[in-house]
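# A look at the structure
So the chains spell out like this:
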Number of protein chains: 2
Amino acid sequence: MIRHTVAFRLKHAPGSAEEKAFLDDGQRILAAIPGVERFEALRQVSAKNGFAFGFSMEFADQATYDGYDGHPDHVAFVRDRWLKEVEDFLEIDYAIL
Amino acid sequence: MIRHTVAFRLKHAPGSAEEKAFLDDGQRILAAIPGVERFEALRQVSAKNGFAFGFSMEFADQATYDGYDGHPDHVAFVRDRWLKEVEDFLEIDYAIL
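Procedures and definitions
Residues numbered from 1 in each chain as written. Chains lettered and ligands numbered in written order. Predicted model: local features only at pLDDT ≥ 70, side-chain atom pairs only at ≥ 80, totals over all residues. Heavy atoms only, no water. Helix = DSSP H or I, 4+ residues; strand = E, 2+ residues; numbered from the N terminus. Rg over C-alpha atoms; globule rule 2.2 N^0.38 Å. Buried < 20%, exposed > 50% of the residue type's maximum accessible area, 1.4 Å probe, protein only. Pairing = 2+ DSSP bridges. Phe/Tyr/Trp six-rings, centres within 6.5 Å; stacked < 30°, edge-to-face > 60°. Contact = heavy atoms within 4.5 Å. Least-squares fit on C-alpha atoms with pLDDT ≥ 70 in both. Salt bridge = Lys/Arg side-chain N within 4 Å of Asp/Glu carboxyl O. Polar contact = N/O pair within 3.5 Å; in protein donor to acceptor, adjacent residues only side chain to side chain. Nonpolar A, V, L, I, M, F, W, Y, C, P; charged D, E, K, R; others polar. 1 Å grid on protein atoms, 1.4 Å probe; cavity = no way out; pocket = protein on both sides within 12 Å on 5 of 7 lines; lining within 4 Å. Points joined across faces, edges and corners; volume = space filled by probe spheres on them.

## Points about the overall build of chain A
- When helices and strands are counted, chain A shows three helices and four strands.
- Reading the secondary structure of chain A in the N-to-C direction produces β-α-β-β-α-α-β.
- Against the globule reference of 13 Å for 97 residues, chain A gives a C-alpha radius of gyration of 13 Å, in line with a compact fold.
- Principal-axis analysis of the C-alpha atoms gives chain A an extent of 35 × 30 × 20 Å.

And the structure:
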């Protein structure tokens, strides 16, 4: 199992319709990609970093993760939404020790 | 629910006995603190950041999280182990959106 997480901050104003649309669309589009398990849209609540949100999802193995990464819906979401609407982000991926 | 995560890198050599002891002791000591749920010791596997490990745990609410933070076993672990053996870390806390 690989848990892929990304913490991020949007360019949109907090509480804005644009913010809600990004989070809703991200969850809807990414969670539907084959191989994505346990998708979560998250609020980042620690004051010890500058991120406001997170997405978390799990993949059975690296091949499934690679399939997600190259899936047209993921590629399009990154190109059309992520790169335009996200101000800063950090990807952290975990496997159980 | 609050999911508290910390990604970190140790001063110890990869694969060393000191590394194993830190990870084992961290899991044993922290997971036993009242209120800690779903404790996980994790390997960080993305090349997009410099962290090698992670701990993840969940708390029912902020008061339980605060109780963990101030618990003598947590305070002692931070003082006696974390501050001496951890080279770099980042705390990221999530709540379900």
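## Re the pairing of strand β3 (residues 53-59) of chain A
All names here are of chain A.
- Across the seven residues that make up β3, a large majority, seven, are buried.
- Residues Phe53, Phe55, Met57 and Phe59 line one face of β3 and the alternating positions Gly54, Ser56 and Glu58 line the opposite face, and both faces are buried.
- Pairing between strand β1 (residues 2-10) and β3: seven bridges, direction antiparallel. Paired with arginine 3 across the two strands is glutamate 58, which belongs to β3.
- Bridge analysis of strand β2 (residues 37-44) against β3 gives five bridges, and the strand direction is antiparallel. If you follow glutamate 37 over to β3, its bridge partner there is glutamate 58.

## A few points about the packing of aromatic side chains
Residues and elements named next belong to chain A.
- According to the stated counting rule, one finds 22 aromatic pairs over all chains in the structure shown.
- A ring pair is formed by phenylalanine 22 and tryptophan 82, whose centres lie 5.8 Å apart and whose planes are at 45°; its orientation type is tilted. Of this pair, phenylalanine 22 sits in helix α1 (residues 17-31) while tryptophan 82 sits in helix α3 (residues 72-85), and the two are 60 residues apart along the sequence.
- Here a set of aromatic residues connected by ring pairs shows up, and it is made of Phe8, Phe22, Phe39, Phe53, Phe55, Phe77, Trp82 and Phe89.

## Remarks on the side chain of serine 56 of chain A
- Mapping serine 56 of chain A onto the fold places it in strand β3.
- Excluding anything up to four places from it in sequence, serine 56 of chain A contacts Arg3, His4, Thr5, Arg38, Phe39, Glu40 and Leu42 of chain A.

## Let's talk about the relation of the copies chain B and chain A
- Mapping chain B onto chain A calls for a rotation angle of 180° and an axial translation of 0.0 Å; the resulting RMSD is 0.0 Å. Classification of the inter-copy transformation places it as that of a two-fold axis.
- When the interface residues of chain B are mapped onto chain A, 100% of them are again interface residues, pointing to one common binding face.

## As for the pattern of salt bridges
- Following the criterion strictly, the structure yields 22 salt bridges over all chains and no others.
- Arginine 79 of chain A is the partner of aspartate 80 of chain A in a salt bridge, and the nearest nitrogen-oxygen pair spans 2.8 Å.
- For aspartate 80 of chain A, a relative accessible area of 33% translates into the label partly exposed.
- Each of Arg3, Arg38 and Glu58 of chain A together with Glu40 of chain B takes part in salt bridges that share partners, so that together they form one network.

## A closer look at the interface of chain B and chain A
- Taken together, the 25 residues of chain B in the interface contact 25 residues of chain A.
- For glutamate 40 of chain A, the salt bridge is made with arginine 3 of chain B, and the minimal N-O distance between the two is 2.7 Å.
- At the junction of chain B with chain A, the criterion picks out 14 residue pairs in polar contact (both at pLDDT 80 or more).
- Of all the elements in the fold, those that place two or more residues in the side of chain B that touches chain A are β1 (2-10), β2 (37-44), β3 (53-59) and β4 (86-96) of chain B.
- Ranked by residue count, the leading element in the side of chain B that touches chain A is β4 of chain B, at seven residues.
- When grouped by side-chain class, the residues that make up the side of chain B that touches chain A number 14 nonpolar, four polar and seven charged.

## Some points on the layout of surface pockets
- What the largest pocket holds in volume is close to 360 Å³.
- As for the largest pocket, its lining consists of 21 residues, of which His4, Asp69, His74 and Glu91 of chain A together with Lys48 of chain B are closest to the centre.
- Those elements that provide at least two residues to the lining of the largest pocket are β1, β3, α2 (62-70), α3 and β4 (86-96) of chain A.
- Taken together, the residues of the lining of the largest pocket sort by class into twelve nonpolar, four polar and five charged.

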